[in-house]
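# Summary of the model geometry
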Amino acid sequence: MFSNSTKVAIVGYLAKSGPATRGEVAKGLEIGVPTAQNNLVQLEAEGVLIADPPASEERNGQRVRYTVDANEVARRYSILGRALGLDEDHPRDPGYESES
């Protein structure tokens, strides 16, 4: 997720704006609907987004609204921070260099 700027932008948009359809995401980020749809489906499959109605249910033309799974994003953010050696309680400024 963090390696794809479009996916990161979508997660950020939904986190700030709340639940949205693929068309709303595309318009809000000024990207094509097919690009939004492709990334939304991938993010849902990865467990980062929650779709309503879910993909497992028959949608019968219903507009799907996507929401960020904040717990999953926080979990992944934590893993990334640990992998980079960042202290979760006191994140380092990447531009800061220790005087020691």
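So, here's what we can say about the structure. (Residues numbered from 1 in each chain as written. Predicted model: local features only at pLDDT ≥ 70, side-chain atom pairs only at ≥ 80, totals over all residues. Heavy atoms only, no water.)

### So, the pattern of salt bridges
Within this structure, the stated rule accounts for 4 salt bridges. Three or more residues are tied together by salt bridges with common partners; here these are Glu72, Arg75 and Arg76. (Salt bridge = Lys/Arg side-chain N within 4 Å of Asp/Glu carboxyl O.)

### Quick word on the packing of helix H1 (residues 5-17) against helix H2 (residues 22-29)
For the pair H1 and H2, the least separation of the axes is 10 Å and the interaxial angle reads 105°. On the basis of the axis angle, H1 is roughly perpendicular to H2. Packed against H1, whose contacting residues are Ala9, Ile10, Tyr13 and Leu14, the element H2 presents Glu24, Val25, Gly28 and Leu29 at the interface. Grouping the constituent residues of the contact of H1 with H2 by class yields 6 nonpolar, 1 polar and 1 charged. (Axes fitted to C-alpha atoms, helices over the stretch in contact; angles between N-to-C directions. Helix = DSSP H or I, 4+ residues; strand = E, 2+ residues; numbered from the N terminus. Parallel < 35°, antiparallel > 145°, perpendicular 65-115°, else oblique. Contact = heavy atoms within 4.5 Å. Nonpolar A, V, L, I, M, F, W, Y, C, P; charged D, E, K, R; others polar.)

### Quick word on H1
Spanning 13 residues, H1 covers 18 Å between terminal C-alpha atoms, matching the ideal 18 Å at 1.5 Å per step. Regarding H1, the residues found buried are Lys7, Ile10, Val11, Tyr13 and Leu14. For H1, the buried positions fall inside an angular range of 160° around the axis, keeping them on one side. In H1, those exposed residues whose orientation departs by more than 90 degrees from the buried face are Ser5, Ala15 and Lys16. Those residues of H1 that are buried lie in contact with H2, helix H3 (33-45), strand E1 (49-52), strand E2 (65-68) and helix H4 (70-83). Among the residues of H1, the N-terminal cap falls to asparagine 4, whose side-chain oxygen and the backbone nitrogen of threonine 6 are separated by 2.9 Å. Following H1 by one or two positions, glycine 18 adopts a phi angle in the positive range, close to 90°. (Expected span 1.5 Å × (residues − 1). Buried < 20%, exposed > 50% of the residue type's maximum accessible area, 1.4 Å probe, protein only. Arc of directions from axis to C-beta. Polar contact = N/O pair within 3.5 Å; in protein donor to acceptor, adjacent residues only side chain to side chain.)

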